[in-house]
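# Notes for the structure review
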Amino acid sequence: MIEVPAFGCTHAGGDLAYTDFGRILPRRQSPWSDAFLVALAATMNEEMDPRLALPQPLMPAAGYTYLGQFIDHDMTSDPRLFGAPPAGASVENLSTPWFDLDSVYGTEPSGRDRHLYEDGEGDRLRLNKSQLDFERRADDSAVVRDRRNDSNSIVSQMHVAFVRFHNKVVDQLPIDNKRLNQAQRIVRQHYQWIVLHDFLPKMVGQDMVDSIWRNAPGGKPDLRLIEPGPEAQIPLEFSASAFRFGHSMVRREYDMNAASGPVLTFDRGQPDGSTARDLRGFRTLPDSLVIDWRMFFQGPDHRVEPQSARPIDTFLALPLFELPFEIADHRSAPGRRLPYRNLHRSEFDLGLASGQQVAQEMCRRNVPGVESKILGTDVRITAAGALAGDRDIGGTGIGKAVLEERLNEDAPLWYYILKEAEHFHHGARLGTVGGRIVAEVIIGMMVSDPNSILNSKWTPKAGEFECQQNGEYGFVDFLAYSGVAWRR
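This write-up is about the structure you can find in this document. (Residues numbered from 1 in each chain as written. Predicted model: local features only at pLDDT ≥ 70, side-chain atom pairs only at ≥ 80, totals over all residues. Heavy atoms only, no water.)

## A look at the overall build of the protein
Summing up its helical and strand segments, the protein has 15 helices and 4 strands in all. For the protein, buried positions account for 60% of its 488 residues. Across the protein, every contact between residues at least 6 apart in sequence was considered, and the portion connecting residues at least 24 apart equals 73%. Accessible surface computed for the protein: about 19,400 Å², of which carbon and sulfur atoms make up 49%. (Helix = DSSP H or I, 4+ residues; strand = E, 2+ residues; numbered from the N terminus. Buried < 20%, exposed > 50% of the residue type's maximum accessible area, 1.4 Å probe, protein only. Contact = heavy atoms within 4.5 Å. Areas by Shrake-Rupley, 256 points an atom, 1.4 Å probe, with all protein chains shown as cover.)

Given below as structure tokens:
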């Protein structure tokens, strides 16, 4: 069970209030029954996908799956528990929408999150003695601002890399009352550059990024779905659907280092076992799972080929169909299946518009390239994971033919976005609807932040923080500077 407390925040020296999530389209009453969502989720098990025996498309390295998770936790936080009553007209976002690393720094420069810093008053952030894991309390809970960043041992070690980067920057700056703010500014600049120039093009395509930002008329970003500004809101269509595309990219298992062998994401045989040999978090990092980042990102020497992410499609890895109790505090079988939880949240809790409705709204707003690529008109949406001729998927009494007919009329937005990526790009990146939502929100939030690299015109410089060439910087360089990059 993940709960995030309410707290205040300051940003760039001034108070910044948290905002509600926004919407692209108004809330609606879902037309689907719970049985429909259970059946649809059942078709999304990758074990039912005959294409897994075929060569997979060229996907980004596996580390980008978890970089996306880290970015999401920095932008959005809705702490309401699964199965809570449907949200009202407004839904509060308990993270700042900016790329300010509040998930790492907490409040600044002082306040209730000072416990994240060494001695409660220093400029360095806390880690354990090994500098490879969070500092932990007696109950094994991490000293971390956002508990979600301890949910699996990949994203937790990614968070640790950010802490190490910060601490190394601090050690290089003069000791004065400006050191903390200076260090945070440097880390944020490099982080934002990575989001905009490394992560985003891999997920949506450089052409999508360029059409919104670089090639926009008048030099202003071409934003048609969100309204940038000091009180910019992240749409629920982004947080609850479009940016959850990363769930499809999660692999069943990973090699964490040269000696680990394949390690399951979550061991379904021990769903509530705190000692399970898998990647679940909320516990001290086992020595055997210390990550070799060469396994997750392409290093400079190319001697180790990193694992790739799963395709972005309508299938999820088997371990995500029985989540550990620490993540999914729910005893019912559907309540521990990630695809069902996503569908239930978007349809019943939040009442999001369907994929077809969002696509049509994009057409109305003249978003380029959408009209010719609306699923359900020239393209049939098929629940490919269902067995041919199946008339009772998952014990729901709903058959494959009925499921597909309804999907072509009114597909849940999250499913639509996954199917769009699968159909138009073979899962290698997001399609026009999903990609546009993701790209506009990321670029729009940077435009809305007066201190972002888009507004300050900041670029990385060669020779600084492992930057090799002016204006070129990626997460591999960030890891190298942090000192945890290529562990054997």
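## Points about the nonpolar core
Counting 144 residues, the largest nonpolar core has Phe162, Phe245, Phe296, Ile437 and Val438 as its most contacted members. When residues of this core are assigned to their parent elements, the largest contribution, 13 residues, is made by helix 5 (residues 179–204). Non-local contacts of Phe245, meaning those with residues more than four positions away in its chain, are made with Phe199, Met203, Ile312, Trp414, Leu418, Leu430 and Val438. (Core = buried A, V, L, I, M, F, W, Y, C linked by side-chain atoms within 4.5 Å.)

## Topic: the side chain of Lys419
Of note, Lys419 is situated in helix 12 (residues 413–425). In this structure, Lys419 is in contact with Thr314, Leu375, Ile381 and Thr382, ignoring residues within four places of it in sequence.

## Some details on the pattern of salt bridges
Scanning the entire structure with this criterion turns up 27 salt bridges. With a closest N to O distance of 3.0 Å, Asp123 and Arg179 form a salt bridge. Here Asp123, found in the loop between helix 3 (102–105) and helix 4 (153–172), pairs with Arg179, found in helix 5; they are 56 residues apart in sequence, far enough to count as distant. Via salt bridges that share partners, Asp222, Arg224, Arg436 and Glu440 belong to a single interconnected network. (Salt bridge = Lys/Arg side-chain N within 4 Å of Asp/Glu carboxyl O.)

## Quick look at the packing of aromatic side chains
Counted according to the given criterion, the structure contains 22 aromatic pairs. Geometrically, the ring pair formed by Trp193 and Trp458 is edge-to-face, given 6.1 Å between the ring centres and 80 degrees between the ring planes. Taken together, the positions of Trp193 in helix 5 and Trp458 in the loop between helix 14 (453–456) and helix 15 (475–482) put the pair 265 residues apart, joining distant regions of the chain. Trp458 carries the same exposure label as Trp193, and that label is buried. Taking 5.7 Å as the distance between ring centres and 80 degrees as the angle between the ring planes, the aromatic pair formed by Phe243 and Phe245 counts as edge-to-face. Exposure class is identical for Phe243 and Phe245. Each is buried. Across the ring face of Tyr117, the terminal group of Arg114 is positioned such that the distance to the ring centre comes to 4.5 Å. A cation over a ring is seen here: Arg147 above Phe282, with NZ or CZ 4.3 Å from the ring centre. (Phe/Tyr/Trp six-rings, centres within 6.5 Å; stacked < 30°, edge-to-face > 60°. Lys NZ or Arg CZ within 6 Å of the ring centre and 35° of its normal.)

## A look at helix 2 (residues 63–75)
Between the first and last C-alpha of helix 2 there are 19 Å, a value that for 13 residues agrees with the 18 Å anticipated at 1.5 Å per step. The buried fraction of helix 2 is high, at 12 of 13 residues. Those residues of helix 2 not exposed but buried are Gly63, Tyr64, Thr65, Tyr66, Leu67, Gly68, Phe70, Ile71, Asp72, His73, Asp74 and Met75. (Expected span 1.5 Å × (residues − 1).)

## Notes on helix 4
Here helix 4 is 20 residues long and its end C-alpha atoms lie 29 Å apart, about the 28 Å a rise of 1.5 Å per residue gives. Counting buried positions over the 20 residues of helix 4 gives 17, a clear majority of the element. In this structure Asn152 caps helix 4, since a side-chain oxygen of it lies 3.0 Å from the backbone nitrogen of Ile154. (Polar contact = N/O pair within 3.5 Å; in protein donor to acceptor, adjacent residues only side chain to side chain.)

## Structural notes on the environment of Ala439
For Ala439, the position within the fold is in helix 13 (residues 432–448). A C-alpha to C-alpha distance of 9.1 Å links Ala439 and Leu196, two positions 243 residues apart in sequence. Other than its neighbours up to four places away in sequence, Ala439 contacts Leu200, Val204, Met208, Ile212 and Gly444.

## Things to note about the environment of Gly68
Assignment of secondary structure puts Gly68 in helix 2. Expressed as a C-alpha distance, the spacing of Gly68 and Phe243, which sit 175 residues apart in the sequence, is 8.3 Å. Residues in contact with Gly68, not counting those within four places in the same chain, are Phe199 and Phe243.

## Description of the packing of helix 2 against helix 4
Taken N-terminus to C-terminus, the directions of helix 2 and helix 4 make an angle of 70 degrees; their axes are 9 Å apart at the nearest point. Considering the angle they form, helix 2 stands roughly perpendicular to helix 4. Two secondary-structure elements touch here, helix 2 through Gly63, Tyr66, Leu67, Gln69 and Phe70 and helix 4 through Ile154, Val155, Met158, His159 and Phe162. Of the residues belonging to the contact of helix 2 with helix 4, the class tally is 7 nonpolar, 3 polar and no charged. (Axes fitted to C-alpha atoms, helices over the stretch in contact; angles between N-to-C directions. Parallel < 35°, antiparallel > 145°, perpendicular 65-115°, else oblique. Nonpolar A, V, L, I, M, F, W, Y, C, P; charged D, E, K, R; others polar.)

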